[in-house]
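Here is how the chains run, residue by residue.
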Amino acid sequence: MLKVIQLDKTYGSNKHSLKNVNFTAQPGEVTAIIGPSGAGKTTILRSINQLIRDDSGQILLDGQDIRQANKAGLRKIRHHIGMIFQNYNLISPLTALENVLHGRLGAKSTVAGMLGLYSNEEKTEALELLDEVGLKEYAYQRCDQLSGGQQQRVGIARALMQHPKMILCDEPIASLDPKSTKIVMDILRRLAKDKQLIILINLHQVDIAMEYADHVVGINSGAIVFEGATKTVDDDVLQKIYRQTDDAKTVVSANEN
Amino acid sequence: MIENSQPKPKTIQPVAPQTKHVSLVTRPRKILRGVLAGLAIITIYSLATLNNGNLVFADAFKSLGVNLNAMFLHPGVGQDTFGQLLRALVTSVSLAMLTTLLGAVIAFFIAVGAARNLAPSWLATTIKAVMAFIRAIPTILWVLIYSVVMGLGASAAVVGLTFHSVAYLVKAYSESIEETSQDTIEALKASGVGFWPIVFQAILPSIVPALLSWTFIRFEINFANAVAVGAAAGADDIGYFLFMAGSFYFNFHEVGLIVYLLLAVAIVLELVSMKLRGHYLKHN
Ligand SMILES: Nc1ncnc2c1ncn2[C@@H]1O[C@H](COP(=O)(O)OP(=O)(O)O)[C@@H](O)[C@H]1O
Ligand SMILES: [Mg+2]
């Protein structure tokens, strides 16, 4: 279970980006963080694996505070947290298979990692994972020759290769067409159920969150304004999350179309 | 873009609105014209007052013609056999290859420290400054400097050539490294991958085409340098033979042959580099 307690983050001197953020995310569930752009969704996600250092609070993954870990400890924790990105962030001249294998680099010694020495089991597993996301026949294709949706699925397979407890997804479908969106979201939901993963997704599309999430965290201007089961999200809640700031207006109207 | 380009002319001609005079050319271009005119005057003056040591230009051009004819229309071996020349040529190519490879490996590791997206900025700045200093001094001087320490010969040539290659390649490599996307680096960092595995598994594969291309350009430079350095450092390579044939034995037939041999190598290098670049461009 992921438990975020009283997380505060200030960029620079006085830009208060996260204010006393508290929420939990359970294994086996898709948890969606929704809110207008600039609300702090990315900041939360990147605080969880400490890509950005927060100011104060606790981030407990199965009871262990990620913020208290030393450098080596943090690397070990990060290895069990997969992350997928809006822009996929694959090494594009490499093949899908090579990118998936990168998910194991964090578990290797420096030398084995530098040389990219993978065991036969690891290679087999990578192929199986590509199969699992429906890309078996693309294993030896360079990633820059794949479509956006396919690249995102390679990204998911790479995250799975880490044997993660949790996968953080920052706007994973923002660059995808509706068909690829469905494929990717279906995979993420299936992974949460089948592998009992914590799937934490930043989304700005409310409808997608409603369709796929079990649990919703609503954020506005760096503060959590709602947390609860997806079926308890009603118009009042959405009003509160997308409260009329200038940023919020554009997002809401974009979603209405 | 458009907004950026607008204010610039203003800063060049700040007092323009007051006078009615309209100039067609900008200040920098006026300066350029002035400099060119100055150079032309100096050239004419020096030619007119040149101490030509009783040289008769007609005769001089005639003997130049004779020598060029001997060199390029009648190339041949002189006191050295063709085999000796070929062996010397191989020495030059090997010298260039060795120094380029050594330089490339050393330069890659230093370039990691000189890349702003990987190293702390004080380190990157320091390394870049030192490398710029080394580059500013020509290769041949480095060879001579090292030959003071190590004695004239092949080792001074190797060390001097490598030294300058490193400085050159560090600049090229570190700039290539800086072009790799921060996001892909971060993706691996987020999964707990350490620094060196990221360098070799993420950055290196992304910049292989650029690295190859720069390394090959440096190989061509090093071949030319190896010839020049051979003459100076007595490294028994083709440059040394060229120097002896031209300035010692005055055998212009052999000079011509050597020049043709060098030309052949240069053409082969150019062809290989075009192939290589074509190959990697196709795949990127
Ligand atoms: N590196 C940064 N430096 C300063 N402010 C930042 C930085 N990154 C994000 N912010 C600010 O923090 C707030 C939250 O940003 P972000 O987490 O990216 O929002 P979201 O992902 O919900 O769109 C925004 O107001 C943004 O301007
Ligand atoms: Mg964001």
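Residues numbered from 1 in each chain as written. Chains lettered and ligands numbered in written order. Predicted model: local features only at pLDDT ≥ 70, side-chain atom pairs only at ≥ 80, totals over all residues. Heavy atoms only, no water.

A short note on the site of ligand 1
Residue and element names in this part refer to chain A. Looking at ligand 1, the residues that line it are Y11, K15, S17, P36, S37, G38, A39, G40, K41, T42 and T43. For ligand 1, an oxygen atom lies 2.9 Å from a polar atom in the side chain of S17. Between G38 and ligand 1, the recorded distance is 2.6 Å, taken from a backbone N or O atom to an oxygen atom. Across the complex, the protein chains shield 60% of the 560 Å² of accessible surface that ligand 1 would expose by itself. Within the residue set of the shell around ligand 1, elements represented by two or more residues are β2 (15-25) and α1 (41-48). (Near = heavy atom within 4 Å. Polar contact = N/O pair within 3.5 Å; in protein donor to acceptor, adjacent residues only side chain to side chain. Areas by Shrake-Rupley, 256 points an atom, 1.4 Å probe, with all protein chains shown as cover. Helix = DSSP H or I, 4+ residues; strand = E, 2+ residues; numbered from the N terminus.)

Looking at the domain arrangement of chain A
Residue and element names in this part refer to chain A. The domain boundaries assigned to chain A delineate domain 1 (2-80 + 164-256) and domain 2 (91-163). Spacing between the C-alpha centres of domain 1 and domain 2 amounts to 25 Å. Between domain 1 and domain 2, the contact holds 18 residues from the first and 17 residues from the second. In this structure, the connection of domain 1 to domain 2 is made through one salt bridge. Taken together, domain 1 and domain 2 are joined by six residue pairs in polar contact (both at pLDDT 80 or more). In terms of residues, the side of domain 1 that touches domain 2 owes the most to one element, helix α7 (residues 178-195), which gives eight residues. Residues that form the side of domain 1 that touches domain 2 fall into these classes: 10 nonpolar, three polar and five charged. (Domains from an automatic or database assignment. Contact = heavy atoms within 4.5 Å. Salt bridge = Lys/Arg side-chain N within 4 Å of Asp/Glu carboxyl O. Nonpolar A, V, L, I, M, F, W, Y, C, P; charged D, E, K, R; others polar.)

Describing the packing of helix α7 (residues 139-150) of chain B against helix α8 (residues 154-179) of chain B
Residue and element names in this part refer to chain B. Interhelical geometry of α7 versus α8 gives an angle of 135 degrees and a closest axis separation of 8 Å. Taken together, α7 and α8 sit at an angle that is classed as oblique. Crossing angle aside, the handedness with which α7 passes α8 is right-handed. Within the contact between the two elements, α7 uses T139, W142, V143, Y146, S147 and M150 and α8 uses S155, A156, A157, V159, G160, L161, F163 and H164. (Axes fitted to C-alpha atoms, helices over the stretch in contact; angles between N-to-C directions. Parallel < 35°, antiparallel > 145°, perpendicular 65-115°, else oblique. Left-handed = near helix turned anticlockwise from the far one by under 90°.)

Observations regarding the sheet that holds strand β1 (residues 2-11) of chain A
Residue and element names in this part refer to chain A. Judged by pairing direction, the sheet is antiparallel, and its four strands sit side by side in the order β2-β1-β4-β5 without closing on themselves. Bordering the open sheet on either side are β2 and β5 (64-65), each of which pairs with just one other strand. Sheet topology places β1 next to strand β4 (residues 56-61); five bridges connect them, and they run antiparallel. Of the residues in β4, the one forming a bridge with I5 is Q58. Strand contacts of α1: β1, β2 and β4, with the helix running at about 65 degrees to β2, the strand carrying the most contacts. (Pairing = 2+ DSSP bridges.)

So, the packing of helix α5 (residues 82-114) of chain B against α8(B)
All names here are of chain B. Their axes nearest at 6 Å, the elements α5 and α8 cross at an angle of 45 degrees. The angle between α5 and α8 places the two elements in the oblique class. Both α5 and α8 take part in a crossing whose hand is right-handed. A breakdown of the residues in the contact of α5 with α8 according to their chemical character gives 19 nonpolar, six polar and one charged.

Thoughts on the side chain of T162(B)
The residue T162(B) is located in helix α8 in this model. Leaving out residues up to four positions away in the same chain, T162(B) has contacts with T99(B), L102(B), G103(B) and I106(B).

Here's the deal with the pairing of β4(A)
Residue and element names in this part refer to chain A. Pairing of β4 with β5, which is carried by two bridges, proceeds in the antiparallel orientation. Bridging from a neighbouring strand, L61 pairs with Q64 of β5. In textbook terms, the turn of a hairpin is the stretch between consecutive antiparallel strands, and for β4 and β5 this stretch comprises two residues, one of which, D62, has a positive phi near 50 degrees.

Some thoughts on the sheet that holds strand β9 (residues 215-220) of chain A
Residues and elements named next belong to chain A. The six strands are arranged β6-β7-β8-β3-β9-β10 in an open sheet whose pairing can be described as mixed. What marks the edges here is a single partner per strand, and that holds for β6 (81-85) and β10 (223-229). Between one strand and the next, the sheet's axes are offset by a mean angle of 15 degrees, whatever the strand orientation. The sheet contact formed by strand β3 (residues 30-34) and β9 spans four bridges and is parallel. Bridge pairing in β9 places A32 opposite V216. On the sheet, helix α6 (residues 148-160) packs against β6 and β7 (166-170) and is oriented at approximately 170 degrees with respect to β6.

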